[in-house]
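Survey of secondary and tertiary structure
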Amino acid sequence: MSFYPGPSGPLGCTSIQEQRERWERKRSRTARELVQTEQRYCQQLELVTTYFVEILKAKGTLRQDIRESIFSSIKAIHSVNQSLLVHLENGYLGRGFDQFCPHLHHYNMYADNIYNASKVLGVQLKKNKAFRRFKKLQEARPEFNNHRLEDLLQLPIQRIDQYKHFLQDLAANTSPDNPEFQQISRALTAVSEVSQHILNNTQRHENHLQLCRVQKLLKGRKTKVLAAGRWFIREGWLKMVPPKGAGAKPRMFFLFSDMLLQAKRCSPLHPTSGTKFAGQHAYPLQDCTVEKVFGHTRSQGGLLSLTFPKAKLLLLSSNQEDLNDWYQSLSSAVRKLQSKLVVHQRDELCRKPLHSAGDTHNTPSSSSDPSRKRNMVSTETSEHARTPEEWEGSAPKKMKESENPDQRCAEATTSSCVIL
């Protein structure tokens, strides 16, 4: 037997009313903070558009293409946010964001250009003395409150993430029967997409910087690390255990989403490459198998066995945590790469037309159909497109002839390591 009245009782009604009042207080607090931060944001955007974009255009200190590279769509963003601010100040949160979201492409455009803008700005500050002096004078104005142009240019990127959190709070504290609930929910979805787009751009940029860093660590131009779709995962020292009883040799390994690169340190006495590495082997992960030989005993490390079609590696680490990290990273990279290949092969099979027995009799032979020949050639080319030479850009090696055609085909379809 319950000692508390049900929802229809007086205490139930009171609790529901109190909950609604709490929601309303949280919503009002979020709305107030949103308006205050939006006012400050628009003021800072106005500093950039007035004291930089407009004056630079009037003075001609920078060429038009350089101005557009640095400031991109910030003027359009300022105009859109001024309209949003009017709605927010009047209490029309849902209507304001409903009219704001169709203009989010200005933020996408700005996000796509932000890294190029930073690069162009840095070049101009280094080479353009007049612009360097102009920037210093503008930033010294009291309105800037010691803010630098570089910081102000990052504000639109940061603001999108702030909108996402504000809209999440508003949606959580707005009743579904409120007319603004649907508008806020739609705005949250649209802003979240832009936020994800910005996050993806950030990850791609950071990955590119990592690839460039590794490329600079490698001696010469033979080892090609920069490649479309390649992601850097990790790097570190591991000891290679030779098949014959010689001592284990330490080697530097760089793990990417599609290959494992083995390198050794150059001689420290070398005049230009003393701090670099020489690439030795690039092992494609497509047909790799990763196993722990031992390593279950904590704090004693263990061995990793990597099996490729034409190579096998035994890698030793005396650190148990490091060994587990390598095992997880390698296994995850291989699993993701192989799953992508399976999906690609399934898509290829789905695109191939299915012919019935009757169609086979009515279909002309391949020798009389030039388009069929072209399709056959393109299919063969796509099947052998991922050759080991693409990993490093080296010349293709001649395949060893075999008297058995099946053996020759099997050798042609297996990927092997590339000796650099």
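The following refers to the structure shown. All figures in this text were calculated on a predicted structure; none of them were measured in a lab. (Residues numbered from 1 in each chain as written. Predicted model: local features only at pLDDT ≥ 70, side-chain atom pairs only at ≥ 80, totals over all residues. Heavy atoms only, no water.)

When helices and strands are counted, the protein chain shows 14 helices and 8 strands. Long-range pairs, those at least 24 residues apart, make up 61% of the contacts in the protein chain between residues at least 6 apart in sequence. Carbon and sulfur atoms form 53% of the exposed surface of the protein chain, whose accessible area is close to 25,800 Å². (Helix = DSSP H or I, 4+ residues; strand = E, 2+ residues; numbered from the N terminus. Contact = heavy atoms within 4.5 Å. Areas by Shrake-Rupley, 256 points an atom, 1.4 Å probe, with all protein chains shown as cover.)

This brings us to the pattern of salt bridges. Counting across every chain of the model gives 12 salt bridges. Here Lys 135 makes a salt bridge to Glu 150, at a shortest N to O gap of 3.3 Å. Of the two residues, Lys 135 is situated in helix α6 (residues 129-139) and Glu 150 in helix α7 (residues 149-153); the sequence distance between them amounts to 15 residues. Among the charged side chains, a network of salt bridges with common partners joins Lys 135, Glu 139, Arg 148, Glu 150 and Asp 151. (Salt bridge = Lys/Arg side-chain N within 4 Å of Asp/Glu carboxyl O.)

A regular strand places its side chains on the two faces of the sheet in alternate fashion. Counting buried positions along strand β4 (residues 277-284) yields 7 of 8 residues, so the element is predominantly enclosed. In this structure, strand β3 (residues 259-265) lies alongside β4, joined through 7 bridges in antiparallel fashion. Looking across to β4, one finds that Met 259 is bridged to Pro 284. (Buried < 20%, exposed > 50% of the residue type's maximum accessible area, 1.4 Å probe, protein only. Pairing = 2+ DSSP bridges.)

Moving on, we come to the packing of helix α5 (residues 105-127) against helix α9 (residues 179-217). It is at 10 Å that the axes of α5 and α9 come closest, and there the two elements cross at 10°. Considered as vectors, α5 and α9 are oriented roughly parallel to each other. Within the contact between the two elements, α5 uses Tyr 107, Asn 108, Ala 111, Asp 112 and Tyr 115 and α9 uses Val 194, His 197, Ile 198, Asn 201, Thr 202 and His 205. Here the contact of α5 with α9 is composed, by residue class, of 5 nonpolar, 5 polar and 1 charged. (Axes fitted to C-alpha atoms, helices over the stretch in contact; angles between N-to-C directions. Parallel < 35°, antiparallel > 145°, perpendicular 65-115°, else oblique. Nonpolar A, V, L, I, M, F, W, Y, C, P; charged D, E, K, R; others polar.)

With 39 residues, α9 extends 59 Å from end C-alpha to end C-alpha; this agrees with the ideal 57 Å at 1.5 Å per step. The distance from a side-chain oxygen at the start of α9 to the backbone nitrogen of Glu 180 is 2.9 Å, and the residue carrying that oxygen is Asn 178. (Expected span 1.5 Å × (residues − 1). Polar contact = N/O pair within 3.5 Å; in protein donor to acceptor, adjacent residues only side chain to side chain.)

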